[in-house]
Each structure stands twice: as structure tokens, then as C-alpha cells.
Amino acid sequence: MKLVFFDIECAGVHKTYAKICVFGYVVCDEKFNILEKEDILINPKGRFELTDRKGEKGLVLPYSYEDFKRQPPFPQVYKRIKALLEDKDSYILGHAVLNDVKYLNLETRRFRLPSFNFSFSDSQLLFMTHIDDFSRQFGLEHIANTLGVEFTPHRAVDDAYATMKIIEAMCAARNCTFPELIAKLNVAPGKIVNYQISRPQSKGFKRFNAQKKAAKVERSQKRIKFFNNLSKKRVNRSGGVLKGKTITFSRAIEDDIEISIPLVDKIYAAGGRYSQKLDSCTLYVSAEDDTTTRTQAAAGRALPHMTVDELLELINA
């Protein structure tokens with residue numbers, strides 16, 4: 001079995017096109033001995049759009065624009081790339097590879113070419129599964145630094161090479177071959193066929209997503225309970241220490257209904273009221289170390305601030 005690692009750079013990406021200008025790849029054997037390594041330069045047949053709408057965050061390619069104009073367009077290299085990726089004796093990998101597969105899909109549609117048909121795995125997903133952390137996406141450079149892999153980013157062939165070294169490093173860390181790594185991490189490849197794409201998956205990632213979904217449902221149910229309770233509240237007209245004050249909690253306190261619901265009861269009993277809107281707020285309540293968006297917004301408005309314990313002390317005084 002051969003391993004094929006690839007990376008793509010585009011002159012511009014849109015929902016209807018991805019102007020591929022570089023297809024970089026590395027082919028190696030199961031012991032990570034390199035058999036082929038190349039950047040295939042492609043004429044994107046369109047202008048380069050390497051910045052955002054503000055003209056910022058530009059991608060700097062390690063070739064001049066004139067280099068690309070002298071190259072063949074995608075239809076002329078399509079068969080070569082297709083043969084490389086659809087080789088039945090090869091296992092295809094990339095980093096955050098779903099994007100690159102989508103680029104290939106867009107270009108085949110753009111030039112009315114037959115769909116690619118191959119399976120692929122993602123070194124990003126493999127690494128996340130390897131360390132059992134799915135809380136965020138890990139960039140190629142971050143993983144390379146973590147595993148001690150040196151490379152120059154944004155040159156497609158070097159990104160493909162770094163992806164190979166990352167897989168090699170994980171195999172070394174687990175003292176296994178590549179097929180054994182796939183089996184140990186319980187990873188299933190993605191696939192592209194008839195212009196339809198399915199993403200790579202792992203049991204660990206599926207479990208994380210299930211837990212994330214369950215936590216979201218639980219938070220939603222707690223918020224419904226919190227606001228159902230709040231809707232029944234009426235200001236104590238006889239007044240109290242919070243008369244004329246409108247309290248707002250941080251999201252963390254709101255979501256902890258074991259604390260927030262009894263505390264709202266006390267606020268209304270003391271003559272105050274509760275509002276989510278900072279425009280109405282006269283006293284903001286959060287933990288001292290809370291740095292979430294709502295708390296930062298409250299700090300920006302210079303709203304008086306208390307912790308839960310300080311508010312309870314004021315109410316019970």
C-alpha cells in the first residue's frame with residue numbers, strides 16, 4: 001500500500017468555483033519512504049483573490065503570478081490528479097482535507113468534468129482522536145509544533161509533506177504501522193463519488209458531538225425553565241433594598257438554575273427586577289473571573305458589578 005498526501009492552494013474560492021492553482025502531493029510507502037513529491041502548478045483561469053473584502057488577511061503564495069499563467073489549466077492536469085487519487089493501491093490523506101476535496105469537486109463542476117471517486121482520511125481528525133480532544137480544530141502548524149515536525153507553511157507540497165510527517169509521528173508515538181493507527185483510532189474514511197462528499201469520522205468524534213448536542217439540549221431546557229419562572233414574577237411594590245434596581249446575570253449564572261431561580265425570587269422580593277438587556281441593567285452580577293461576552297459588554301458600560309455572594313449579602317442585610 002502507498003500513502004498519498006495532498007494539499008491544494010486556490011487563487012480564489014466561491015460557492016460556485018475554486019480556482020485551483022497548486023496541487024501539492026507526496027507519495028510514500030508504509031514506512032514513510034518518499035516515492036514522489038511535487039507541486040503541480042495550474043493556471044486558475046481567473047484573477048487571484050487572495051484577500052478578504054477589506055483587502056486584508058492575504059495569502060502569500062511562493063510563486064509569482066506569471067508562473068501560473070504559463071501553466072496548463074485544470075482540465076489538462078485533471079487526468080493526472082484523478083489517477084493519483086483514485087489509485088486502488090493508495091490511501092489518500094490531507095489536513096482539514098474536506099476543504100480540498102470540495103475544491104476538487106467545484107473545479108470538476110466548473111469545467112464539466114466527471115466526478116472524482118476516492119476515499120480519504122484527515123490528519124486533523126486523526127490527531128484530535130489521537131489526543132482525545134475535539135474541542136477545537138487544530139491547524140497544521142500547531143500540530144507540527146506539538147509533534148516536533150518542521151516545515152514551511154502555505155507551500156502546497158510542504159503542507160503535504162508536513163501532513164505525512166504528522167502521521168509518521170503519531171505512528172511512532174503509538175509504536176504502530178499506519179493501518180494499525182487507523183484501527184486503533186477507530187477512524188472511518190470520507191468519500192467523494194458522483195459529486196457527493198461524506199466526511200471522515202471517528203467513534204471519539206461521534207461521541208463528542210453526541211455529548212455536545214445533549215449539553216446544548218440541557219442548556220436550552222434550563223433556560224426555558226429560568227424564563228418560565230421569570231415570566232411569573234411581579235415587582236414587590238412595597239419596596240426593599242433593591243427598589244428601583246434592575247439586575248442582569250452573566251450567562252453562566254443564568255444557566256445554573258439551582259442558583260439563578262432562587263436568586264431571582266429574592267431579587268423580586270427585595271423590590272428589584274430582572275432583565276437580560278444591559279440597556280435596562282443597573283447592577284450586573286457575575287463571578288469575578290468571568291470573561292464571557294456579556295460580562296465584557298457590561299464592563300464596557302461601566303455597570304456596577306457584584307458577585308452572587310455580595311448580592312445575597314446586600315439582600316440579607
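Note that the coordinates shown come from a computational prediction; the quantities given were computed from them, not determined experimentally.

Q: Is there a simple way to think about the overall build of the protein chain in this case?
A: Scanning the protein chain from terminus to terminus reveals 12 helices and 13 strands. The burial tally for the protein chain puts 45% of its 317 residues in the buried class. Residue pairs at least 24 apart in sequence account for 67% of intrachain contacts in the protein chain once pairs closer than 6 positions are excluded. Summing over all exposed atoms, the protein chain offers an accessible surface of approximately 17,200 Å²; the carbon and sulfur share of this is 48%. Of the charged side chains in the protein chain, 49 are positive and 39 negative, and the gap between their average positions amounts to 9 Å.

Q: Explain the packing of helix 10 (residues 257-269) against helix 12 (residues 308-316) here, please?
A: The angle between the axes and the distance between the axes are what describe a pair of packed helices. Close contact between helix 10 and helix 12 brings their axes to 11 Å; oriented N to C, the two are set at 30 degrees. Considering their axes alone, helix 10 and helix 12 lie roughly parallel with respect to each other. Two packed elements cross with a definite hand, and for helix 10 against helix 12 that hand is left-handed. Mapping the contact onto sequence places I259, L263, K266 and I267 in helix 10 and V308, L311, L312 and I315 in helix 12. Partitioned by chemical class, the residues of the contact of helix 10 with helix 12 number 7 nonpolar, no polar and 1 charged.

Q: So what exactly am I meant to see when it comes to helix 12 here?
A: Note: α-helices contain 3.6 residues per turn, so residues at a spacing of three or four share the same orientation. Buried within helix 12 are the following residues: V308, L311 and I315. All buried residues of helix 12 lie within an arc of 65 degrees about the axis, which places them on one face of the element. Along helix 12, exposed side chains directed more than 90 degrees from the buried face belong to D309, E313 and N316. Among the structural elements, strand 10 (246-249), helix 9 (251-255), helix 10, strand 12 (283-285) and strand 13 (305-306) are those in contact with the buried residues of helix 12.

Q: When you look at the side chain of T248 in this model, what are you seeing that I'm missing?
A: Along the chain, T248 falls in strand 10. A polar side-chain atom of T248 sits 2.6 Å from the main-chain carbonyl oxygen of S275. With residues up to four places along the chain from it excluded, the contact list for T248 reads Y274, S275, Q276, K277, L278, C281, L283, Y284, V285 and R294.

Q: Just checking my understanding: could you explain unusual backbone geometry for this structure?
A: What is expected of a backbone is that most residues other than glycine have negative phi and most peptide bonds are trans. Its identity as a non-glycine residue notwithstanding, N194 has a phi of 55 degrees, on the positive side. Examined against the element boundaries, N194 turns out to sit in the loop between strand 7 (190-193) and strand 8 (196-198). Judged by relative accessible area, which is 59%, N194 ranks as exposed. Of note, the phi angle at Y195 is positive, near 70 degrees, even though the residue is not glycine. As for its position among the elements, Y195 is in the loop between strand 7 and strand 8. Here Y195 falls in the partly exposed class, since its relative accessible area comes to 26%.

Q: Help me understand the pattern of salt bridges, please; the structure alone is not making it clear to me.
A: Close approach of charged atoms allows side chains of opposite charge to pair. Following the criterion strictly, the structure yields 18 salt bridges and no others. Taking the shortest distance from any N to any O, the salt bridge between K2 and D87 comes out at 3.2 Å. Of this pair, K2 sits in strand 1 (residues 2-14) while D87 sits in the loop between helix 2 (74-85) and strand 4 (90-94); the two residues are 85 residues apart in sequence, bridging distant segments of the chain. On the basis of relative accessibility, which here comes to 28%, the residue K2 falls in the partly exposed class. Taking relative accessible area as the criterion, D87 reaches 22% and is therefore assigned partly exposed. Notably, a salt bridge pairs D39 with R155, separated by 3.8 Å at the nearest N-O pair. Residue D39 is located in strand 3 (residues 34-41), and its partner R155 is located in the loop between helix 5 (140-147) and helix 6 (156-173); the two are separated by 116 residues in the primary sequence. Bridged by salt links that share partners, the residues R223, R251, E254, D255 and R294 form one connected network.

Rules behind the numbers
Residues numbered from 1 in each chain as written. Predicted model: local features only at pLDDT ≥ 70, side-chain atom pairs only at ≥ 80, totals over all residues. Heavy atoms only, no water. Helix = DSSP H or I, 4+ residues; strand = E, 2+ residues; numbered from the N terminus. Buried < 20%, exposed > 50% of the residue type's maximum accessible area, 1.4 Å probe, protein only. Contact = heavy atoms within 4.5 Å. Areas by Shrake-Rupley, 256 points an atom, 1.4 Å probe, with all protein chains shown as cover. Lys, Arg positive; Asp, Glu negative; His and termini not counted. Charge placed at Lys NZ, Arg CZ, Asp CG, Glu CD. Axes fitted to C-alpha atoms, helices over the stretch in contact; angles between N-to-C directions. Parallel < 35°, antiparallel > 145°, perpendicular 65-115°, else oblique. Left-handed = near helix turned anticlockwise from the far one by under 90°. Nonpolar A, V, L, I, M, F, W, Y, C, P; charged D, E, K, R; others polar. Arc of directions from axis to C-beta. Polar contact = N/O pair within 3.5 Å; in protein donor to acceptor, adjacent residues only side chain to side chain. Salt bridge = Lys/Arg side-chain N within 4 Å of Asp/Glu carboxyl O.

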